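# Structure assessment
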Amino acid sequence: MDQAVGPTVPTPRAAVPQAGQASGSSSDRVPALAWLIAAAFVAVELAVSGRYGFMQDELYFVEASRHLAFGYVDQPPLAPLLTRVAELPGLSPTAIRIIPALAGGAVVVAAARFAALFGAGRLGRVLAALTMACTPFLLGSDHVDNTTALDLLAWTVVLLCVTTALLRDRPRWWLGAGVAAGLGLETNDLMLLLLIAVGLGVLLSRQAGVLRTRWPWLGAAIAAVIWVPNLIWQATHGWPQLAMASALHQQNNSVGNYLGGLPAQLVYLGLVGAALAIAGFIKLWRTPELRFLAVAVTVVVVYVLAWVPGKVYYTDGVALILLAGLPFVPIGDVHKLPASSQHSATLGDTVGWPQLVRAVAAQDAARARAGQPPTSIFTGYYGEAAALDVLGSADHLPPVLSGHNAFWMWGPGHASDRTVLVVDALGRLRPYFASCRLLTTYHAPYQVHNDWTPIQIGVCTGPSASWHTLWPRLKHYQ
């Protein structure tokens, strides 16, 4: 699981005022209509948040929140911690999607604030908020509970604080940037990319003199202090994030990834958003006061296209066909949507998890009736393991294990390996068991075609060694 995003910079609509020209607080005020647009964004997101089920990352976060730590194999601790808080009133898709929806609303407001900093009037600020609220990547990324929504908010706040500090000569805003950066680093290590990009942007622009003052460095110190707990966790656990980064690079650098990376980013912005982004990018380069942002955006885009071109949402968030990120379509008609929508994190991947749990529980019960009750369940991926743990408590399933990401680090515990019910992992276990056979194949309901269908469910017996002996060979980062 890896979710992250890049900076969102609204299109400048007018010449940027000089630093001291518009220092009054009223000059940068966000219009009431922009706040209403943000509120409408949140309301729409929450209104449809419960129409489908959990997405696999959400189930994984719920499971991670039951193993609270200062870090995980594939992410820092903030997102699982907030998931734990969100589910306190009761676990449901709507409950854990409240925070992402609010984060999206905050980004909409920030868009209006950026427009103000860039010199736009009231209409320009409202249009910036409206454009941001309608972009496909925001509609999709802030609909589900994963790191993407928090990343997007953290990146936006860092850029907003830095831009305010430089354009309005308010150096204390660097401290706000430091807090946002620190929280961003506790959400996703990709925040480092933004900080390096912003640093280069300032260094190579007319604002380079600010680096001789204490304020940017105080902000950096604040970010570092906030990040320290996760750094310590990574250091004491062998830096698994480095292994994870290497795995992501290997899995996302095909020829097709390189050829389609940049076009995919523009598609994810939507037709209007892509046009505005191109115009805004040109404007940033042509405006000396904003050139630091142009450099920062260029560094981010070039890095992603060169290192992990398959992860296009590292710069623009998860983008979908307009409104396809929200479940307006009846669940029975999801299969009729274009393939790009079905495979999105907010549509196809939210369908079928309860049915998978029931299918596994049925096989568990059948083996028990045959006198061979499974002593553990092993899954190929964290989504399946999390679904069985979170949604299968009423079925009294045996311990659920997986070698994928954080599940591998949590280990097999005291689970027995005598009779293993296997979900989507027969190929992984077959070398280590005397007998592995297929029992059934699960297909997602409603004819949905996503990454989680079909799934083979089988059984393995006669282990060649104990779980603890086999465990180092079953590690799988992705």
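Residues numbered from 1 in each chain as written. Predicted model: local features only at pLDDT ≥ 70, side-chain atom pairs only at ≥ 80, totals over all residues. Heavy atoms only, no water.

What follows concerns the pattern of salt bridges. With the rule as written, the count across this model stands at four salt bridges. Glu-58 is paired through a salt bridge with Arg-97; the nearest N and O atoms lie 2.7 Å apart. Placement of Glu-58 in helix α2 (residues 56-65) and of Arg-97 in the loop between α4 (93-96) and α5 (98-117) is noted, with a sequence separation of 39 residues between them. Taken as a pair, Glu-58 and Arg-97 share a single burial class, namely buried. Close ionic contact of Glu-289 with Arg-206 constitutes a salt bridge, the shortest N to O distance being 3.5 Å. (Salt bridge = Lys/Arg side-chain N within 4 Å of Asp/Glu carboxyl O. Helix = DSSP H or I, 4+ residues; strand = E, 2+ residues; numbered from the N terminus. Buried < 20%, exposed > 50% of the residue type's maximum accessible area, 1.4 Å probe, protein only.)

Here the protein averages 84 in pLDDT, and 82% of its residues register 70 or above. Within the protein, the lowest mean pLDDT, 48, falls on helix α17 (residues 339-342), and the highest, 97, falls on helix α9 (residues 173-185). Scored below 50 in pLDDT, residues 316-324 shows 37 contacts in the model against residues more than four places distant or in partner chains. Contacts of residues 340-345 to residues separated by more than four positions or lying in other chains number 24 contacts, the stretch itself having pLDDT below 50. (pLDDT = per-residue confidence, 0-100. Contact = heavy atoms within 4.5 Å.)

A separate point is helix α12 (residues 240-251). With 12 residues, α12 should reach 16 Å at 1.5 Å per residue; the first-to-last C-alpha distance of 17 Å fits that figure. For α12, the complete set of buried residues consists of Pro-240, Gln-241, Met-244, Ala-247, Leu-248 and His-249. (Expected span 1.5 Å × (residues − 1).)

With that out of the way, let us pick up the packing of α9 against helix α10 (residues 191-203). Interaxial distance between α9 and α10 falls to 9 Å at its minimum, and their mutual angle equals 150°. Taken together, α9 and α10 sit at an angle that is classed as roughly antiparallel. Counted together, Trp-174, Ala-180, Ala-181, Gly-184 and Leu-185 of α9 and Met-191, Leu-192, Leu-195 and Val-202 of α10 form the full contact between these two elements. Taken together, the residues that form the contact of α9 with α10 break down as eight nonpolar, one polar and no charged. (Axes fitted to C-alpha atoms, helices over the stretch in contact; angles between N-to-C directions. Parallel < 35°, antiparallel > 145°, perpendicular 65-115°, else oblique. Nonpolar A, V, L, I, M, F, W, Y, C, P; charged D, E, K, R; others polar.)

Turning our attention to the state of the cysteines. Chemically, a disulfide is nothing more than a covalent bond linking the sulfur atoms of two cysteines. As enumerated under the stated definition, the model contains one disulfide in all. The disulfide partner of Cys-436 is Cys-460, and the gap between their sulfur atoms is 2.0 Å. Taking the sign of the torsion about the S-S bond as the criterion, the disulfide between Cys-436 and Cys-460, at about 115°, is right-handed. Residue Cys-436 is located in strand β4 (residues 433-442), and its partner Cys-460 is located in strand β5 (residues 455-463); the two are separated by 24 residues in the primary sequence. A relative accessible area of 0% means that Cys-460 is categorised as buried. (Disulfide = S-S within 2.5 Å.)

Further remarks concern helix α3 (residues 78-86). Along α3, the positions that sit buried rather than exposed are Leu-78, Ala-79, Pro-80, Thr-83 and Ala-86. Lining the buried residues of α3 we find α2, α4, α5, α8 (147-167) and α9.

Turning to the packing of helix α1 (residues 32-47) against helix α6 (residues 122-134), a few remarks are in order. Any two packed helices are characterised by the angle at which their axes cross and by the distance between the axes. Running from N to C, α1 and α6 point in directions that differ by 10°, and their axes come no closer than 9 Å. Here α1 lies roughly parallel to α6, going by the angle between them. Between α1, through Leu-33, Ala-34, Ile-37 and Phe-41, and α6, the contact on the second element is made entirely by Arg-122, Val-126, Ala-129, Leu-130 and Ala-133. A class-by-class count of the residues in the contact of α1 with α6 yields eight nonpolar, no polar and one charged.

Now for the packing of aromatic side chains. Under the counting rule described, the total for this entry stands at 10 aromatic pairs. When the ring of Phe-378 is compared with that of Trp-467, the centres are 5.6 Å apart and the planes differ by 15°; the resulting orientation is stacked. One end of the pair, Phe-378, is in strand β1 (residues 376-379); the other, Trp-467, is in helix α22 (residues 467-470), and 89 residues separate them in sequence. For the pair Phe-378 and Trp-467, a shared accessibility class is recorded, and that class is buried. Centre to centre, the rings of Trp-467 and Trp-471 are 6.0 Å apart; their planes meet at 90°, and the pair counts as edge-to-face. Trp-467 sits in the buried class, given a relative accessible area of 2%. Taking the relative accessible area as the measure of exposure, Trp-471 reaches 5% and is therefore buried. Aromatic ring contacts, followed pair by pair, group Tyr-60, Tyr-382, Phe-407 and Trp-410 into a single cluster. (Phe/Tyr/Trp six-rings, centres within 6.5 Å; stacked < 30°, edge-to-face > 60°.)

Nonpolar side chains in soluble globular proteins tend to be buried together. Within the largest apolar cluster, 38 residues are counted, with the highest numbers of intra-cluster contacts made by Val-162, Trp-174 and Met-191. Counting residues per element, the ones that place at least two in this core are α5, α8, α9, α10, α11 (215-236) and α15 (291-307). The element best represented in this core is α8, accounting for 10 residues. If near-sequence neighbours (up to four positions away) are discounted, Trp-174 is found in contact with Val-162, Ala-165, Leu-166, Val-202, Val-210, Trp-215, Pro-216 and Gly-219. Ala-64, Ala-79, Tyr-382 and Ala-385 belong to the second largest nonpolar core, which has 34 residues in total. (Core = buried A, V, L, I, M, F, W, Y, C linked by side-chain atoms within 4.5 Å.)

Relative to the helices and strands, Pro-431 is located in the loop between α21 (426-429) and β4. With 32 residues separating them in the primary sequence, Pro-431 and Pro-463 have C-alpha atoms 9.4 Å apart.

Strand order in the open sheet formed by five strands is β2-β1-β3-β5-β4, with mixed pairing between adjacent strands. Each of the sheet's edge strands pairs with one partner strand only, and the pair in question is β2 (400-402) and β4. Looking at each pair of strands side by side, their axes are set apart by 25° on average, direction ignored. As defined by bridge partners, β1 adjoins strand β3 (residues 419-423) across four bridges and the pair is classed as parallel. Following the sheet pairing, Ile-377 is matched in β3 by Leu-421. Those strands touched by helix α18 (residues 353-369) are β1, β3, β4 and β5, and its axis lies near 130° from that of β4. Contacting β1, β2, β3 and β5, helix α19 (residues 382-391) crosses the sheet at an angle of about 165° to β2. (Pairing = 2+ DSSP bridges.)

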